[in-house]
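The residues making up each chain are set out below.
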Amino acid sequence: MGQANRCPRVGRKMQLVRQATRRGQDAVIFEIRDSGSGIPPEDLPRIFERFYKSKRPKQGSGTGLGLSIAKHLVEAHGGKIWAESRLAEGSTFFISLPRQF
């Protein structure tokens, strides 16, 4: 979310949604949606790799570590992280964390 907040684009929206825990599941799922340019399908399987950066031209620069760090943090807490995306429509990142009582 920090990256999305640092790189606002005209007309781009970001939304954090907390889904209710589904019956029978012991996890809380967070959705982080944006209305950006989306992630190409060929890049999607690799976006959580360290130092991975898309080959397509885009504004801004980065190290390619942000999503990898997010993945390691989520997994360290017993969770999962994944993304879905459509070009020209935006991306949704999901974080599932176990409920702890």
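Residues numbered from 1 in each chain as written. Predicted model: local features only at pLDDT ≥ 70, side-chain atom pairs only at ≥ 80, totals over all residues. Heavy atoms only, no water.

*Asks:* Teacher, can you tell me more about the packing of aromatic side chains here?
*Replies:* Each aromatic ring pair is summarised here by two numbers: the centre-to-centre distance and the angle between the ring planes. Summed over the entire model, instances satisfying the criterion amount to two aromatic pairs. Between Phe48 and Phe93, the ring centres sit 6.4 Å apart and the planes meet at 85 degrees, which makes this aromatic pair edge-to-face. Note that Phe48 is positioned in the loop between β2 (27-34) and α2 (66-76) and Phe93 in strand β4 (residues 90-98), a separation of 45 residues in sequence. Under the relative-accessibility criterion, Phe48 is labelled buried at 14%. Measuring from ring centre to ring centre gives 5.2 Å for Trp82 and Phe94, while their planes differ by 10 degrees; the resulting arrangement is stacked. Taken together, the residues span a long stretch of sequence, with Trp82 in strand β3 (residues 80-86) and Phe94 in strand β4 at a distance of 12 residues. Judged by relative accessible area, Phe94 falls into the buried class, the value being 11%. (Phe/Tyr/Trp six-rings, centres within 6.5 Å; stacked < 30°, edge-to-face > 60°. Helix = DSSP H or I, 4+ residues; strand = E, 2+ residues; numbered from the N terminus. Buried < 20%, exposed > 50% of the residue type's maximum accessible area, 1.4 Å probe, protein only.)

*Asks:* Help me understand the pairing of β2, please; the structure alone is not making it clear to me.
*Replies:* Successive residues of a regular strand alternate their side chains across the two faces of the sheet. Counted residue by residue, β2 has six buried out of eight residues, so it is predominantly covered. Pairing geometry for β2 and β4, over seven bridges, is antiparallel. Bridge pairing links Arg33 to Thr92 in β4. (Pairing = 2+ DSSP bridges.)

*Asks:* It is not clear to me how the nonpolar core should be interpreted in this structure. Could you clarify?
*Replies:* One recurring pattern in soluble globular proteins is that nonpolar side chains are buried together. If you look at the biggest cluster of nonpolar residues, it comprises nine residues: Ile32, Ile39, Ile47, Phe48, Val74, Ile81, Ala83, Phe93 and Ile95. Among the secondary structure elements, those contributing two or more residues to this core are β3 and β4. (Core = buried A, V, L, I, M, F, W, Y, C linked by side-chain atoms within 4.5 Å.)

*Asks:* Looking at this model, I keep getting lost on the pattern of salt bridges. Mind explaining?
*Replies:* Any two side chains of opposite charge can pair, on the condition that their charged atoms come close. Enumeration according to the criterion identifies two salt bridges in this entry. Arg33 serves as the salt-bridge partner of Glu31, at 2.6 Å between the closest nitrogen and oxygen. Under the relative-accessibility criterion, Glu31 is labelled buried at 7%. Its salt-bridge partner being Arg46, residue Glu49 comes within 3.0 Å of it at the nearest N-O pair. The class for Arg46 is partly exposed, based on a relative accessible area of 39%. (Salt bridge = Lys/Arg side-chain N within 4 Å of Asp/Glu carboxyl O.)

*Asks:* Looking at this structure, I do not really get the environment of Phe94. What am I missing?
*Replies:* Distance from Phe94 to Trp82, taken between C-alpha atoms, is 5.3 Å for residues 12 residues apart in sequence. Residues in contact with Phe94, not counting those within four places in the same chain, are Ile29, Phe30, Glu31, Lys80, Ile81, Trp82 and Glu84. (Contact = heavy atoms within 4.5 Å.)

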